[in-house]
Amino acid sequence: MCGIVGYIGNKDAYPILIKGLHRLEYRGYDSAGIALLDNNAELHVYKTRGKVINLEQFCKDKNINGTIGIAHTRWATHGEPSDINAHPHYSQSENLALIHNGIIENYLALKQMLELKGFKFISQTDTEVLVQFIEYIMNEEQCSLYEAVHQALSQVVGAYAIGVLEKGNPNTLVAARKGSPLIIGVGKDEYFLGSDASPIVEYTKDVIYLNDEEIVEIKRGAKEIVVKNLANIELKPKIQKIQMDLSEIEKGGFPHFMLKEIFEQPKSLIMCMNGRVQTELQDIMLSGIRENIEKFRKARRILITACGTSWHAALIGKYLIEYYCKLPVEVEVASEFRYRNPVIFEDDVMIAISQSGETADTLAAIELAKGKGAFIYGICNVVGSSLARVTHSGTYTHAGPEIGVASTKAFTTQVAVLTMITLLLGKELGTIEISLYKQLVKALFEITNKIEKIILKADEIKNMSKIFTYAHNFMYLGRGYNYPVALEGALKLKEISYIHAEGYPAAEMKHGPIALIDEEMPIVVIAPKFKMYDKIVSNIEELKARKGRIIAIVSEGDTTISNIADYVIEIPNTEECLTPLLTVIPLQLLSYYIATAKGRNVDQPRNLAKSVTVE
Ligand code: F6R
C-alpha cells in the first residue's frame, strides 16, 4: 500500500527511481511522483495522477538531473487520487519534499495548530501536514532536518515510512519507519530506500531492515549511516543479505505477474517443501515446530489469524489441525479480532498468516495476543518482514516474491506449510498413526507433479472462460476442505474481473442463496470424490433442476458429475486433505482468463493494492 523508493550516490537518481517505482507499482497506482535535488541543490517535485508511465511522460521535458531523490507510488487513503494529493509533498516554503506510506492519525490536530501559525495547505492529505510540521520545527528550533524529523515523529500518532529531502542540502537523505515497511540498500558509496527489496536488488544484496520508530540520516559517500530511535538512542544497524534474484521480480515472458505466479506454483511449492518434506525418511522437518512442541502440547487451543486469501488458508488450517491433531482451532479475521476484546489465554498458541508480513490488522492482532501471553507462530513469505520480527517463531513459505495483486502462490504455499505443521504436530502429539503420517507425507511431496498436470489444462480453461464473460454474478460451492477454496475462488474472480461472486458451503445453498439460481447463473462446484461426494452430487442436481450452469471441479475419471454438469475440469487423485492444493488451481486460471477476456488489468485491479499496511 504505497511504494516508496529513494537514492543517494553518484549515479543519476531519476532512472533508478523510475525503475524502482515500476517494481513497486503493485503497492498502489493511483498517482506517482518524484523529488530530485539537482546539481545546484535546487529541489524539483514532479507528480501526476495515474500510473508510473504517466509520470515518465510528464517528466519528459523536465529537469531530471541529480544524484539524490525520492519517489512514491500511491494508494489513496486521505484525499482522492489527484495531482495535488500525489506525493512527494512540499512544505510551505518548498524547501522540503516528503514521501509517505501509512496514516498520520492525529493529522487534523496538527493541521489546526499549524493553520493557527499561518501555514496554508493545498492538499487533503495527512502527509502534507507532516512535512509542514517538520518545517515548522526546523524554523522554530533552528535545527537540522534530521533533528526536526526526530522531534516531529515523537509527536505523531500513526504509521509511517517516510523519505525527506531538503533544498540546498544535496548530501543528506532522511528516512524513518513505524508500522510501514522500509529497507535501506547499502551499495558502494551509494544507498537506496525501498518499501521492499524489489527496487534495490538490482544494485546490491546488502540491506538494513529498519525497525519501528527508527530514524536514519544517510550522508552522501558516508561509510555508515546514523540510525537513532525515537528515544534518541543511537543504534548499530545490522546489514543482512537479501535472498532474491532479479528474475524473480520480472515477468519472464508472461503477460502478467499473476499468470506467471499461477504457473510457478509447482516450483514455489518445491521451494516451500525443500528440506522440510523428507521423502526418503517420509518425515517432516520444521525446526520452528520441533523447538516449540511443548507450547503446542500445552495449548488449550490454537487461534489462527489472517486477512483475505491468507484467512482462507487459515480456514483450511482449522480443518487440518482439528482432524489430525485433535486440537480445537478458532480462525479469526484479524481486523475483527483486534477490536472485539477477545478471550485470550496464556496457554493459547496463535498462528498468524500473512504473505507480506506487513498487513496492519494482522500485526495488531499479533500484538494483542502477545500482550496477553499467547505464543505466536508466524507463517509468512517475505523474509525480514514485520511479522517475521514480532512473532516468537515461525515458518517462511519461500514462495518467492508475489507481485500480482491477486494472491495465488502465497495461498498454496501457506496451505502446504499448514499441512506440514499439522502432520508434524499430529505425529509429535501422537494423534496420527505413523503409517497414515508417512502416506500423507508422500502424497504431499507428490502434489507438485499433479499441479503441473492441471496447469497443462490452461488452454482448455481459457476457452471455457470466454463463455462466462457475460455473467454479472457467480456462485462457488464446496464442502469440507474445499469450502474455503470456494471462498478463495470467489475472491479471485471478484478482485480481478469485478464480477460479483459468492462462496458458500454447498449445503448452505438451500438456506437462502438458491433463490438466486436461474439459467444466467454460473455455479462453480468443487466436488472431488470423497466422503461427501454423494451429498454434493445431490446439491448439483438441485441446482440443475433450477437451470443453474454448473462448472464442476471433479476427480480424474468421474463419470457421474460429468453427465450432469455443463462443464467439467478434472484434477488428479490425491488424499482428501490435500485437494485444496489442486482444486484452487483451475479456479485461479478461470478468474485470470475471464478477467483478461473482459480486458481487465489483472496485475493492477481497481481500488486494490498489495500489502494492506493501513487498517
Ligand atoms: C487477495 C489478496 C488479499 C490478501 C490480504 C492479506 O488476492 O491478496 O486478500 O490475501 O490482503 O495479505 P497478506 O497475506 O499479505 O497479509
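Since this is a predicted model, take the numbers as computed values, not measurements.

1. Structural notes on the overall build of the chain
Part 1: Along the backbone of the chain there are 20 helices and 27 strands.
Part 2: Viewed in the frame of its principal axes, the chain has a C-alpha envelope of about 80 × 55 × 45 Å.
Part 3: Put simply, the chain has 615 residues, and 60% of those count as buried.
Part 4: Accessible surface, the chain: about 23,400 Å² in total, of which carbon and sulfur atoms supply 49%.
Part 5: Within the chain, the 74 negative side-chain charges are centred at a point lying 3 Å from the centre of the 66 positive side-chain charges.

2. With respect to the packing of helix α3 (residues 107-116) against helix α4 (residues 126-141)
Part 1: One can describe the packing of α3 onto α4 by two numbers: an axis separation of 9 Å at closest approach and a directional angle of 50°. On the basis of their axis angle, the class for α3 and α4 is oblique. Handedness of the crossing formed by α3 with α4: left-handed. Between α3, through Tyr-107, Leu-110, Lys-111, Met-113 and Leu-114, and α4, the contact on the second element is made entirely by Asp-126, Val-129, Gln-132, Phe-133 and Tyr-136.
Part 2: Among the residues forming the contact of α3 with α4, the class breakdown is seven nonpolar, one polar and two charged.

3. So, the pattern of salt bridges
Part 1: For the structure shown, the criterion picks out 31 salt bridges.
Part 2: Among the ionic pairs, Glu-294 bridges to Arg-297, the shortest N-O distance being 3.1 Å. Of the two residues, Glu-294 and Arg-297 both sit in helix α9 (residues 293-298), three residues apart, roughly one turn of that helix.

4. A few points about the domain arrangement of the chain
The extent of an interface is frequently quoted as the accessible surface area lost upon association of the parts.
Part 1: Split by domain assignment, the chain resolves into domain 1 (3-245), domain 2 (251-445) and domain 3 (454-604).
Part 2: For domain 1 versus domain 3, the distance between C-alpha centres works out to 45 Å.

5. As for the environment of Trp-311
Part 1: Along the polypeptide, Trp-311 turns up in helix α10 (residues 308-325).
Part 2: Measuring from C-alpha to C-alpha, the distance between Trp-311 and Thr-204 comes to 34 Å, with 107 residues separating the pair along the chain.
Part 3: Ignoring any residue separated from it by four or fewer positions in sequence, one finds Trp-311 in contact with Ala-306, Val-331, Glu-332, Val-333 and Leu-487.

6. Some thoughts on the site of the ligand
Part 1: Neighbouring the ligand are 15 residues; Ser-310, Ser-354, Ser-356, Thr-359 and Glu-495 lie closest to it.
Part 2: Residue Ser-354 places a side-chain N or O atom 2.6 Å away from an oxygen atom belonging to the ligand.
Part 3: Contacts to the ligand include Lys-492, whose side-chain N or O atom sits 3.0 Å from an oxygen atom.
Part 4: A total of 400 Å² of accessible area belongs to the ligand in isolation, and the protein chains cover 87% of it.
Part 5: Here the shell around the ligand gathers at least three residues from each of two domains, domain 2 (251-445) and domain 3 (454-604).

7. Some points on the sheet that holds strand β8 (residues 172-178)
Part 1: If you walk across this open sheet you meet the seven strands as β5-β6-β7-β8-β12-β13-β14, and the pairing is antiparallel. Each edge of the open sheet carries a strand with a single partner, namely β5 (89-90) and β14 (234-235).
Part 2: In terms of strand pairing, β5 meets strand β6 (residues 96-104) through two bridges, oriented antiparallel. The residue bridging Tyr-90 from the neighbouring strand is Ala-97, located in β6.
Part 3: Contacting β5, β6 and β7 (158-166), α4 crosses the sheet at an angle of about 130° to β6.
Part 4: Together, β6, β7, β8, β12 (214-219) and β13 (226-229) form the strand contacts of helix α5 (residues 145-154), whose direction differs from that of β7 by roughly 165°.

8. Things to note about the sheet that holds strand β19 (residues 329-333)
Part 1: In space, the five strands of this open sheet follow the order β19-β18-β20-β21-β22, with parallel pairing throughout. Every other strand in the sheet has two partners, leaving β19 and β22 (393-396) as the edge strands with one partner each. Looking at each pair of strands side by side, their axes are set apart by 20° on average, direction ignored.
Part 2: In this structure, strand β21 (residues 375-380) lies alongside β22, joined through four bridges in parallel fashion. The residue bridging Cys-380 from the neighbouring strand is Tyr-396, located in β22.
Part 3: The strands that helix α12 (residues 360-371) touches are β18 (302-306), β20 (349-354) and β21; relative to β20, the one it contacts most, it runs at about 165°.
Part 4: Each of β18, β20, β21 and β22 touches helix α14 (residues 409-429); the most contacted strand, β21, lies at about 135° to it.

9. Observations regarding the side chain of Thr-397
Part 1: Structurally, Thr-397 can be placed in the loop between β22 and α14.
Part 2: If near-sequence neighbours (up to four positions away) are discounted, Thr-397 is found in contact with Cys-272, Ile-379, Cys-380, Asn-381, Thr-413, Gln-414 and Val-417.

10. Remarks on the layout of surface pockets
Part 1: Size it by volume and the largest pocket reaches roughly 800 Å³.
Part 2: If you trace the largest pocket, you find 41 residues lining it, with Met-244, Asn-381, Val-382, Gly-400 and Pro-401 closest to the centre.
Part 3: Sorting elements by how many residues they give to the lining of the largest pocket places helix α7 (residues 265-273) first, with three residues.
Part 4: For the lining of the largest pocket, the residue count by class is 16 nonpolar, 13 polar and twelve charged.

11. A look at helix α18 (residues 533-545)
Part 1: A rise of 1.5 Å per residue sets the reference length of α18, with its 13 residues, at 18 Å; its end C-alpha atoms lie 18 Å apart and thus fit the reference within 8%.
Part 2: Taken residue by residue, α18 has Tyr-533, Ile-536, Val-537, Asn-539, Ile-540 and Leu-543 as its buried positions. Seen along its axis, α18 keeps its buried residues to an arc of 155°; they face one direction. Exposed residues pointing more than 90 degrees away from the buried face of α18 are listed as Asp-534 and Ala-545.
Part 3: Looking at the packing, one finds that the buried side of α18 touches β23 (473-478), β25 (522-527), β26 (549-555) and α19 (560-564).
Part 4: Taken from the residues just after α18, Lys-547 is the one with a positive phi, measuring 70°.

12. Examining the packing of aromatic side chains
Part 1: On inspection of all chains with the given rule, the structure shows 13 aromatic pairs.
Part 2: A network of ring pairs unites the aromatic residues Phe-468, Tyr-470, Phe-474, Tyr-476 and Tyr-567 as a single cluster.
Part 3: Here the guanidinium or amino end of Lys-326 rests over the ring plane of Tyr-323, the centre of that ring lying 5.3 Å away.

13. What about the environment of Lys-51?
Part 1: Along the polypeptide, Lys-51 turns up in the loop between β3 (43-49) and α2 (52-59).
Part 2: Exposure remark for Lys-51: the relative accessible area of 26% places this residue in the partly exposed category.
Part 3: Residues contacting Lys-51, with those up to four places away along its chain left out, are Glu-25, Tyr-29, Ala-32, Asn-601 and Gln-604.
Part 4: Within the structure, the side chain of Lys-51 is placed 3.1 Å from the side chain of Gln-604, a separation counted as a polar contact.

14. Section: the pairing of β18
Part 1: In terms of residue burial, β18 counts as a mostly covered element, since five of its five residues are buried.
Part 2: The alternating pattern of β18 places Ile-302, Ile-304 and Ala-306 on one face and Leu-303 and Thr-305 on the opposite face, and all of these are buried.
Part 3: Bridge analysis of β18 against β19 gives five bridges, and the strand direction is parallel. When the bridges of β19 are listed, Leu-303 appears paired with Glu-330.
Part 4: In this region the chain leaves β18, passes through α10 and returns to the parallel neighbour β19; the handedness of that crossover is right-handed.
Part 5: Bridge count for β18 against β20 is four bridges, and the pairing is parallel. Of the residues in β20, the one forming a bridge with Ile-304 is Ile-351.

Basis of the calculations
- Residue numbers restart at each chain and count upward from 1, following the sequence in its written direction.
- Predicted model: local features are reported for residues with pLDDT of at least 70 only, side-chain atom pairs are reported and counted for 80 or more only, and whole-chain, interface and lining totals are derived from all residues.
- Note that the side-chain values use all heavy atoms of the structure and ignore hydrogens as well as water.
- Each helix is a run of H or I in the DSSP string that is no shorter than four residues. Each strand is a run of E no shorter than two, and both are numbered from the N terminus.
- Remark: exposure states derive from per-residue accessible area (1.4 Å probe, protein chains only) relative to the maximum for the residue type, with buried under 20%, exposed over 50%, and partly exposed in between.
- Areas reported as accessible are Shrake-Rupley estimates using a 1.4 Å probe. Residue values count occlusion only from the protein chains shown.
- Neither His nor the chain ends is counted toward charge; the positive residues are Lys and Arg and the negative residues Asp and Glu.
- The atoms used to mark charge sites are NZ of Lys, CZ of Arg, CG of Asp and CD of Glu.
- Fitted lines through C-alpha atoms give the axes, limited to the stretch in contact for helices. The angle between two N-to-C directions lies from 0 to 180 degrees.
- Angles are sorted into four bins: roughly parallel if under 35 degrees, roughly antiparallel if over 145, roughly perpendicular if 65 to 115, and oblique for all others.
- Put simply, a crossing is left-handed when the front helix is turned counterclockwise from the back one by less than a right angle, and right-handed when it is turned clockwise.
- What makes two residues a contact is simply this: any of their non-hydrogen atoms within 4.5 Å.
- When residue character is reported, Ala, Val, Leu, Ile, Met, Phe, Trp, Tyr, Cys and Pro are called nonpolar, Asp, Glu, Lys and Arg charged, and the others, Gly included, polar.
- Note on definitions: salt bridges are taken to be side-chain nitrogens of Lys or Arg within 4 Å of carboxyl oxygens of Asp or Glu.
- A domain assignment, automatic or from a database, supplies the domain bounds used here.
- Throughout, near means a residue has at least one heavy atom within 4 Å of the molecule or strand.
- Definition of a polar contact: a pair of N or O atoms within 3.5 Å, with one able to donate and the other able to accept a hydrogen when the atoms are protein atoms, and with sequence-neighbouring residues admitted only if both atoms are side-chain atoms.
- Here a strand pair is declared whenever DSSP counts at least two bridges between the two strands.
- Only protein atoms enter the calculation, which uses a 1 Å grid: trapped sets of points that fit a 1.4 Å probe without letting it out are cavities, open sets showing protein on both sides within 12 Å along at least five of seven lines are pockets, and any residue with an atom within 4 Å of a point is a lining residue.
- Grid points are joined across faces, edges and corners, and a volume is the space filled by probe spheres set on the points.
- Here the expected length of a helix is defined as 1.5 Å per residue gap, with one fewer gap than residues.
- An arc is given here, and it is the one of the directions from the helix axis to the C-beta atoms.
- Side-chain rings of Phe, Tyr and Trp, where Trp is taken by its six-membered ring, are said to pair if the distance between their centres is within 6.5 Å; with planes under 30 degrees apart they count as stacked, over 60 as edge-to-face, and otherwise as tilted.
- As a reminder, the over-ring test applies to NZ of lysine and CZ of arginine, requiring each to be within 6 Å of the ring centre and within 35 degrees of the ring normal.
- We call a crossover right-handed when, viewed with the strands running away from us, the connection from the first strand over the helix to the second turns clockwise.

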